[in-house]
Amino acid sequence: MSRSEPEPWRIKMVEPIRMTTRAQRQKALMEAGLNPFMLKSEEVFIDLLTDSGTGAMSDRQWAGMFLGDESYAGSRSYYQLSQTVKDLFGFQYTIPVHQGRGAEQILFPFLVELAKEKGASEPVFLSNHHFDTTKAHVEIAGARAKNLICPSSLQTDVSDDWKGNFDLNELENEIKNNQKNIVAIVITITCNSVGGQPVSMENIRLAAKMARDAGIPVIIDAARFAENAYFIKQRESSFFNETISQIVKEIFNEADIFTMSAKKDGMVNIGGLCCFRYNESWFRQVQLRCVPMEGFVTYGGLAGRDMSAMAIGLREALDEDHLRSRIAQVEYLGHKLQQAGIPIQTPVGGHAVFVDARKIFPDIKPENFPAQVLCNALYLESGVRATEIGSLMMGRNPITGQQEPSLFELMRLTIPRRTYTDNHMSYVAKSLIDVIEKADTLKPLEFEYEPLILRQFTARFREIER
Ligand code: F0G
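Definitions and limits used
Residues numbered from 1 in each chain as written. Predicted model: local features only at pLDDT ≥ 70, side-chain atom pairs only at ≥ 80, totals over all residues. Heavy atoms only, no water. Helix = DSSP H or I, 4+ residues; strand = E, 2+ residues; numbered from the N terminus. Contact = heavy atoms within 4.5 Å. Expected span 1.5 Å × (residues − 1). Bend = angle between axes of the 7 residues up to and from the residue. Buried < 20%, exposed > 50% of the residue type's maximum accessible area, 1.4 Å probe, protein only. Salt bridge = Lys/Arg side-chain N within 4 Å of Asp/Glu carboxyl O.

What about unusual backbone geometry?
So, point 1. For the bond from Ile189 to Thr190, the omega torsion is -25 degrees, close enough to zero to count as cis.
So, point 2. In this structure, Pro347 follows Thr346 across a cis peptide bond, with omega equal to -5 degrees.
So, point 3. With respect to the helices and strands, the residue Pro347 is situated in the loop between helix H12 (320-339) and strand S9 (352-356).
So, point 4. Its identity as a non-glycine residue notwithstanding, Leu34 has a phi of 55 degrees, on the positive side.
So, point 5. Inspection of the secondary structure assignment puts Leu34 in the loop between helix H1 (22-31) and strand S1 (46-47).
So, point 6. The phi angle at Met267 is positive, at roughly 65 degrees, despite the residue not being glycine.
So, point 7. Relative to the helices and strands, Met267 is located in the loop between strand S7 (257-261) and strand S8 (272-276).

Structural notes on the side chain of Ser193
So, point 1. Considering the arrangement of structural elements, one finds Ser193 in the loop between strand S5 (182-188) and helix H7 (201-213).
So, point 2. In this structure, Ser193 is in contact with His129, His130, Phe131, Ile389 and Phe408, ignoring residues within four places of it in sequence.

Some words on helix H4 (residues 100-117)
So, point 1. Here H4 is 18 residues long and its end C-alpha atoms lie 26 Å apart, about the 26 Å a rise of 1.5 Å per residue gives.
So, point 2. At Leu107, H4 is deflected by roughly 25 degrees, the largest bend along its length, and proline Pro109 occurs up to four residues later in sequence.
So, point 3. Every buried residue of H4 is listed here: Gly100, Gly102, Ala103, Glu104, Ile106, Leu107, Phe108, Phe110, Leu111, Val112, Leu114 and Ala115.
So, point 4. The positive-phi residue at the C-terminal boundary of H4 is Gly119, with phi of around 115 degrees.

Description of the pattern of salt bridges
So, point 1. In the structure shown here, the tally under the stated rule is 34 salt bridges.
So, point 2. Between Glu5 and Arg324 there is a salt bridge, with the nearest N and O atoms lying 3.5 Å from each other. Of the two residues, Glu5 sits in the segment before H1 while Arg324 sits in helix H12, which places them 319 residues apart along the sequence.
So, point 3. With relative accessibility at 45%, the residue Glu5 sits in the partly exposed group.
So, point 4. Measuring nitrogen to oxygen at the nearest pair gives 4.0 Å for the salt bridge that ties Asp161 to Arg235. Of this pair, Asp161 sits in the loop between strand S4 (144-147) and helix H6 (168-178) while Arg235 sits in helix H8 (residues 225-235), and the two are 74 residues apart along the sequence.
So, point 5. Taken together, the salt bridges that share partners define one network made up of Asp51, Arg224, Glu227, Asp265, Arg326 and Arg417.

So, in structure tokens, the structure goes:
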């Protein structure tokens, strides 16, 4: 199988990557405590840990870097960025931040206070699915994070165009029964946690309307907004003839606020946004929190050149040729795995292929981390680094200390934008197919060291008998 259309770019600069021997990888993985997060990047051949900040910038973005204005206050690059936000999203007020979680940390405590002033005693955020740092910042702000994802997303072998959708009945019930406690709804596009799956425009509109009618603020978590818009154009018949740019405007019309990690569709290595459509008072109050936490209001933890690169990257993200090629590459990898009978989340998502480790190792218990077993085996086989999205990431309930049940045990093969070729993807597929043939011989894991919080990043493991 090969792709019919070549990539809409040519390569102007290359970065060598080095293949290692199996013995070298064995040693590296042991030193890393059987945790790929702890590997040195030089020990990795193809890095599919994340698509966050790992993409290649264009020549225009690099040119923009040289024109960045490094003034502490009132940087020209800030005004370039805020004009871009007005043009693309129709939002009046822009706060730059160092990355997505920077937006979460300055915004959420303000919104929780607002909800408490209106009578919330047990504040809660509702989302199709909170990303893990988003959930962490909700909790740090003293609220709960509740996910209302549609049930089809849980069945990886059942194809559904809109696995990122809210379960609207659940949302309606929550609003009916618990309205005063709801701080905001967070629409995560695409929905990373269930496989980079899109949310339909219909679902966005209905969810936003329910919230609006109840006086609840609507936030878009916009990390992969352009990929979501592309899926809407492909799959929702009333948008077949609209441009990506029109679709993006329509999506953002539904929200009061958006937070964005610009390290994904924003096409930069670092940067983020916290933006308000029209509410100047909210903007001013969150700006005040930006100064001590992120930096002065016109740079928010970024260099001027980073803001210039982001302004250019956001426009490039809307280019349909780019999106078609990007999504086709993810599909290319996904289809190769499917052809070999490897269970993945279907249909293939926007930024990654999610391999269902529960199906591959039905006998390995969640607390022995089947998806982490697979990540380690893939690294040993090939030097490809992937990441676990399952029980390890889910962690323990802070009150009971018990392992939180995880919806999935997935290995995420996350594809950086404009970085690897289809040859790299073919190698990844072949390596994984070889690993799965040996699945019976792979050993479950247990903790040798378990950090108290965010354990997945620095934990160490040992193998146990099956
Ligand atoms: N929201 C979503 C949907 C994300 O996927 C991420 C990050 C964030 C917020 C936080 O943004 O990293 O810039 O602070 N996701 C990365 C990942 C880390 O690997 O999926 P950040």
